[in-house]
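Overview (structure and organization)
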Amino acid sequence: MAVESTDDAPHRLSLRFEYDTERHAAVVERSVRVEVGEIDDARSTARVEREGRTVRVWIGAADLVALRAGTNTWTRLLDVAERVTGAAEGVPSRTDGG
């Protein structure tokens, strides 16, 4: 089964990340948004949106293995974006205990 959007996928997951400032959320969101469509394949797809200080990633997958792989990929992408943004702004990331 090919997954064309997160809405038509049989397996879906929504990840929500809250940041201290809208600016931090915007930088993280813009950093990972460029990957939407680039790392999608026939088995999974993702969507990224931001509202205020919240960044959401929706992952849709044809099967649970693809959902797990997509979740791992997107959480790593967000972690890297958070670390880089946080380092530039002097803010600790979630993985640094912040």
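A few points on the structure.

Regarding the overall build of the chain
Counting its secondary structure elements, the chain contains two helices and three strands. In the chain, the succession of α and β elements from N to C terminus is β-α-β-β-α. Counting across all 98 residues of the chain, residues that qualify as buried make up 37%. In the structure as shown, the chain presents an accessible area of about 5,700 Å², 49% of it carried by carbon and sulfur atoms.

Looking at the pattern of salt bridges
In total, this model carries seven salt bridges according to the counting rule given. In this structure, Asp-63 engages Arg-43 in a salt bridge whose closest nitrogen and oxygen atoms are separated by 2.8 Å. Taken as a pair, Asp-63 in the loop between β3 (54-61) and α2 (64-89) and Arg-43 in the loop between α1 (22-33) and β2 (44-51) lie far apart in primary sequence, 20 residues in all. Using a relative accessible area of 25% as the deciding quantity, one classes Asp-63 as partly exposed. Residue Asp-79 pairs with Arg-83 through a salt bridge whose shortest N-O separation is 2.8 Å. Here the residue Asp-79 and the residue Arg-83 both occupy positions in helix α2, the gap between them amounting to four residues, near one helical turn. Overall, the relative accessible area of 46% leaves Arg-83 in the partly exposed class. One continuous salt-bridge network, built from bridges that share partners, spans Arg-16, Glu-18 and Arg-53.

Comments concerning the nonpolar core
Of all hydrophobic cores here, the largest spans 17 residues; its most connected members are Tyr-19, Val-57, Ile-59, Trp-74 and Leu-78. Elements represented by at least two residues in this core include exactly β1 (11-18), α1, β2, β3 and α2. With five residues, the top contributor of residues to this core is α2. Each residue touching Ile-59, except ones within four places of it in the same chain, is listed here: Thr-6, His-11, Arg-12, Leu-13, Leu-15, Thr-45, Ala-46, Leu-67, Gly-70, Thr-71 and Trp-74.

Description of the sheet that holds β3
Strand-to-strand pairing in sheets goes through backbone hydrogen bonds, with the strands running parallel or antiparallel. Taken together, three strands build an open sheet; the order of strands is β1-β3-β2 and the sheet is antiparallel. Looking along the sheet, the strands with just one partner apiece sit at the ends: β1 and β2. Going from strand to strand, the sheet's axes swing by 15° on average, the running direction of each strand aside. With eight bridges joining them, β1 and β3 adopt antiparallel strand pairing. Residue pairing in the sheet places His-11 in a bridge with Ala-61 of β3. Relative to the sheet, α1 contacts β2 and β3, its axis offset from that of β2 by approximately 155°.

Cut-off values and rules
Residues numbered from 1 in each chain as written. Predicted model: local features only at pLDDT ≥ 70, side-chain atom pairs only at ≥ 80, totals over all residues. Heavy atoms only, no water. Helix = DSSP H or I, 4+ residues; strand = E, 2+ residues; numbered from the N terminus. Buried < 20%, exposed > 50% of the residue type's maximum accessible area, 1.4 Å probe, protein only. Areas by Shrake-Rupley, 256 points an atom, 1.4 Å probe, with all protein chains shown as cover. Salt bridge = Lys/Arg side-chain N within 4 Å of Asp/Glu carboxyl O. Core = buried A, V, L, I, M, F, W, Y, C linked by side-chain atoms within 4.5 Å. Contact = heavy atoms within 4.5 Å. Pairing = 2+ DSSP bridges. Axes fitted to C-alpha atoms, helices over the stretch in contact; angles between N-to-C directions.

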